[in-house]
Amino acid sequence: MSRRTRNMLFYVARRLVTGLVLALLVTLITFLLLAPSFDAIVGNRLGTGATTESIRAMKTQMGLDRPVLAQYSDWLAHVARGDLGDSFFTGEHVGRTVGQHLGVTMSIVLVTLLLSAAFSVALGVTAAWRGGIVDRVVQAVSLTGHLVPNLLIAIALVYLLSIRLDVLPATGFTPLTDDPAAWARSITIPVTALLIASMAGLTAQIRGTMIDELRKDYVRTLRTRGVPARSIILRHALRNASGPALTVLSFEFIAMLGGALIIEKVFAIPGFGSYAFDASLQGDVPVIMGITLFAVLLVVVVNLAVDLVNGWLNPKARVL
């Protein structure tokens, strides 16, 4: 095994350990914040007729009357065995259910990110290379995407494509495995609503970094040597400008996970955000803890992947 491979493996292991420590801290803080509301949570489960005695008995039955740190330690021990527990209200296995809802959201977010990356690169590079009226139009489009809220875009798309033209469903979600065509139709409006805002920030970032790269001496040298513009842009300038764009793309991914709640509620999509929202309203502790753990680990993995890809594309940015 080469020294570079060992360094890479050590770096990945160190980042994963740091991520696990972060997950421990976040889940511990979450559990401590939930602890004062255990009485209300049990009361919600028992209903409006719950008495103090019945709440106390139910807390004992559910193990919620024990010291908070002891409860958290038990939860952590179950997590180490791959068991996230069962929902207080539905009895469903948390790990499997959270994974299903996360899969719904990821199918929307990943499609949005891929389209956002493709369109933003095309628009940002074109604006930086050509300048003039093309650049001003791209900037205007990007600014509009920043200013118009996702919710307003979603409502406008539903009115136009679902109510007026009746070409796409207004609500609901069809899994990809059930019917790929129906799945594509069910996510078209949500993806478009998320895509516009995502493209706005990423296009502006790519345009700015590309303008900086194209003004550097090495680009002028390549031009004087007769290197084709396509090669200058794709093999040199865009690769060097990819670092900040990848960072913005990772931020967009995290923002989409957090902002998926609005889109999922508007379109009645059973995704990660709406599931987290419903669990928070009910005070479903196992579900809330499972969602928190999934979210933290997902952010850690995404950030690590971005750092590794950035190091591969741009040797100057390597941390290995």
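Note that the structure is a prediction, hence the values are computed from the model and not measured.

As a further point, take helix 12 (residues 272-282). Residues F272, G273, S274, Y275, A276 and A279 constitute the buried set of helix 12. Residue G283 follows helix 12 closely and has a positive phi angle near 75°.

Once that is clear, we can look at the layout of surface pockets. The space that makes up the largest pocket amounts to roughly 350 Å³. Together, 16 residues line the largest pocket, and M62, Q71, W75, F88 and P286 are the ones closest to its centre. Contributing elements (two or more residues each) for the lining of the largest pocket: helix 4 (68-80) and helix 13 (285-313). Counting residues per element, the lining of the largest pocket draws most heavily on helix 4, which supplies 4 residues. The residue inventory of the lining of the largest pocket, partitioned by class, reads 8 nonpolar, 4 polar and 4 charged. Reported here for the second largest pocket is a volume of approximately 280 Å³. Taken together, 14 residues make up the lining of the second largest pocket; nearest its centre are L110, L113, L249, F253 and V302. Put simply, the parts of the chain that give the lining of the second largest pocket at least two residues each are helix 5 (94-130), helix 11 (242-266) and helix 13. Its residues assigned to classes, the lining of the second largest pocket shows 13 nonpolar, 1 polar and no charged.

Taken together, the side chains of Y159, L160, I163, L165 and V167 present a nonpolar region at the surface, about 490 Å² in accessible area. Tracing the backbone through its elements, the reader meets I163 in helix 7 (residues 150-164). On the basis of relative accessible area, I163 is assigned to the exposed category, the value being 58%.

Another point: unusual backbone geometry. Note: most residues except glycine have negative phi, and most peptide bonds are trans. Unusually for a residue other than glycine, D166 sits at a positive phi of about 55°. The residue A268 is not glycine, and still its phi comes out positive at about 50°. Position of A268 among the secondary structure elements: in the loop between helix 11 and helix 12.

Moving on, we get to the confidence of the model for the protein chain. The predicted model of the protein chain averages 84 in pLDDT, with 95% of residues at 70 or higher. No element of the protein chain has a lower mean pLDDT than helix 2 (residues 38-46), which averages 76, and none a higher one than helix 4, which averages 91.

Right, let's talk about the pattern of salt bridges for a bit. In total, this model carries 5 salt bridges according to the counting rule given. Across the salt bridge formed by D217 and R220, the nearest N and O atoms sit 2.2 Å from each other. Taken together, the residues span about one helical turn, with D217 and R220 both in helix 9 (residues 217-224) at a distance of 3 residues. D278 is the salt-bridge partner of K265, the closest N and O atoms lying 3.1 Å from each other. Linking K265 in helix 11 with D278 in helix 12, this pair joins segments that are 13 residues apart in sequence. Judged by its relative accessible area of 34%, D278 falls in the partly exposed class.

Moving on, we come to empty space enclosed by the protein. Enumeration over the complete set of coordinates arrives at 2 cavities of 30 Å³ or more. Taken as a whole, the largest cavity holds about 40 Å³ of empty space. Lining the largest cavity, in full, are T105, I108, V109, L194, A260, I263 and E264. Split by residue class, the lining of the largest cavity holds 5 nonpolar, 1 polar and 1 charged. Each pocket or cavity is described by its volume, and for the second largest cavity that value is around 30 Å³. Every residue lining the second largest cavity is listed: P169, A170, T171, G172, S186, I189, P190, F267 and I269. Here the lining of the second largest cavity is built from residues that sort into 6 nonpolar, 3 polar and no charged.

Note on placement: L202 falls in helix 8 (residues 180-214). C-alpha separation for the pair L202 and E252, spaced 50 residues apart in sequence, amounts to 8.5 Å. Among all residues touching L202, those that are not within four sequence positions of it are S116, A117, S120, A245, V248 and L249.

Cut-offs applied
Residues numbered from 1 in each chain as written. Predicted model: local features only at pLDDT ≥ 70, side-chain atom pairs only at ≥ 80, totals over all residues. Heavy atoms only, no water. Buried < 20%, exposed > 50% of the residue type's maximum accessible area, 1.4 Å probe, protein only. Helix = DSSP H or I, 4+ residues; strand = E, 2+ residues; numbered from the N terminus. 1 Å grid on protein atoms, 1.4 Å probe; cavity = no way out; pocket = protein on both sides within 12 Å on 5 of 7 lines; lining within 4 Å. Points joined across faces, edges and corners; volume = space filled by probe spheres on them. Nonpolar A, V, L, I, M, F, W, Y, C, P; charged D, E, K, R; others polar. Patch = residues over 30% accessible without salt bridge, like charges linked within 9 Å, V, L, I, M, F, W, Y side chains within 5 Å. Areas by Shrake-Rupley, 256 points an atom, 1.4 Å probe, with all protein chains shown as cover. Salt bridge = Lys/Arg side-chain N within 4 Å of Asp/Glu carboxyl O. pLDDT = per-residue confidence, 0-100. Contact = heavy atoms within 4.5 Å.

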